[in-house]
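Coordinates in review
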Amino acid sequence: MSYILPDLPYARDAFGDILSAETFEYHHGKHHQTYVTKTNELIDADASLSGAALSEVIRVAHEGGQTSLFNNAAQLWNHSFYWQCLSPDVQQPSGTLKDMIDQSFGSFDAMKTALHKEAVDHFASGWAWLVLDKGSLKILSLHDADTPVAHAVQPLLTIDVWEHAHYIDYHNARPDYVRNLLDRAINWEFVAQNLDGKGVGRADQ
Ligand SMILES: [Fe+2]
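Let me sum up the structure you'll find in this document. Just so we're clear, the structure is a prediction, and the values are computed from it rather than from any experiment.

1. Side note on the overall build of the chain
Check the secondary structure of the chain and you find eight helices and three strands. Counting helices and strands in the order they occur from the N terminus, the chain gives α-α-α-α-α-β-β-β-α-α-α. Compactness check: the chain gives a C-alpha radius of gyration of 16 Å against a globular reference of 17 Å for 205 residues, within 12% of the reference. In terms of overall dimensions, the chain has a C-alpha envelope of 50 × 40 × 30 Å along the principal axes. Every one of the 205 residues in the chain was classed for burial, and the buried ones make up 36%.

2. Focus: the packing of helix 2 (residues 54-64) against helix 3 (residues 67-84)
Running from amino to carboxyl end, helix 2 crosses helix 3 at an angle of 145°, the nearest separation of the two axes being 9 Å. Crossing angle aside, the handedness with which helix 2 passes helix 3 is left-handed. Packed against helix 2, whose contacting residues are Leu54, Ser55, Val57, Ile58, Ala61 and His62, the element helix 3 presents Leu69, Phe70, Ala73, Ala74, Leu76 and Trp77 at the interface. Of the residues in the contact of helix 2 with helix 3, the class split is 10 nonpolar, two polar and no charged.

3. A closer look at the nonpolar core
Ranked by internal contacts, the top residues of the largest apolar core, which has 50 residues, are Ile58, Ala73, Trp77, Ile186 and Val191. There are two domains that each give this core at least three residues, and those are domain 1 (21-84) and domain 2 (95-200). Leave out the neighbours within four places in its chain, and Ala73 touches Thr39, Leu54, Val57, Ile58 and Ala61.

4. What to know about the pairing of strand 1 (residues 126-133)
As judged from the eight bridges shared by strand 1 and strand 2 (residues 136-143), these two strands associate in the antiparallel manner. For Trp129, the partnering residue across the bridge sits in strand 2 and is Leu140. Here strand 1 folds back onto strand 2 in antiparallel fashion, the turn holding two residues, of which Lys134 has a positive phi close to 50°.

5. Overview of the environment of Asp89
Among the structural elements, Asp89 can be located in the loop between helix 3 and helix 4 (95-105). Judged by the 10 C-beta atoms lying within 10 Å of it, Asp89 falls in the exposed class. Taking C-alpha positions, Asp89 is 32 Å from Asn71, a pair spaced 18 residues apart along the chain.

6. A few points about the environment of Ala203
Within the secondary structure, Ala203 sits in the segment after helix 8 (188-193). With near-sequence residues (within four places) excluded, Ala203 lies in contact with Trp77, Ser80, Phe81 and Gln84.

7. Details of the sheet that holds strand 3 (residues 154-160)
Pairing within the open sheet is antiparallel, and its three strands lie in the order 2-1-3. Only two strands of the sheet have a single neighbouring strand rather than two, namely strand 2 and strand 3. Neighbour-to-neighbour, the strand axes of the sheet open up by a mean angle of 25°, direction not taken into account. Docked against the sheet, helix 3 engages strand 1 and strand 3, running at close to 85° with respect to strand 3.

About the thresholds
- Residues numbered from 1 in each chain as written.
- Predicted model: local features only at pLDDT ≥ 70, side-chain atom pairs only at ≥ 80, totals over all residues.
- Helix = DSSP H or I, 4+ residues; strand = E, 2+ residues; numbered from the N terminus.
- Rg over C-alpha atoms; globule rule 2.2 N^0.38 Å.
- Buried ≥ 20, exposed ≤ 12 C-beta atoms within 10 Å, placed from the backbone.
- Axes fitted to C-alpha atoms, helices over the stretch in contact; angles between N-to-C directions.
- Left-handed = near helix turned anticlockwise from the far one by under 90°.
- Contact = placed C-beta atoms within 7 Å.
- Nonpolar A, V, L, I, M, F, W, Y, C, P; charged D, E, K, R; others polar.
- Core = buried A, V, L, I, M, F, W, Y, C linked by C-beta atoms within 7 Å.
- Domains from an automatic or database assignment.
- Pairing = 2+ DSSP bridges.

Geometry only, nothing functional implied.
Here it is in structure tokens:
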């Protein structure tokens, strides 16, 4: 069994000037594809994990210190999750998610401000996350390929803060990229779905 590059859940040009078709062409078509290819090469070279779920590969590689396999498999999963966190239609949180955001952060705007700060202040490459930690909402960031799949928290939402995520459209202006995503391009319906604690499975294969 080989891992595959999941299709984008929207057209490459669906986001207009927020994220260009060229960004998706490189970020999904080249960067994400490379993580798929390298994960498959590493699995082919080590039959012990042949046929394992991607999430299992990530956990085993993390525990066993298999850095290259962990980095590529985690990036395969992280990107598969990230695409689903984006929506070309502007959405707002509602229902239980909205109530939990208000309870944890005071308001939706306060939560966006905190997540924006986490994403912008994260040094160098990584991912900013909204996670469920023992039933509570929490904002954190992880370095390089690191992923909630390898930790005891459930992923709800992520923002890719590797430079390759924003360089074509925003150059070095990471704050503008994160602001545009948070205000105009997050799939809050997907985030709400992940409150069931099954977010890992939604980007698994
Ligand atoms: Fe990326």
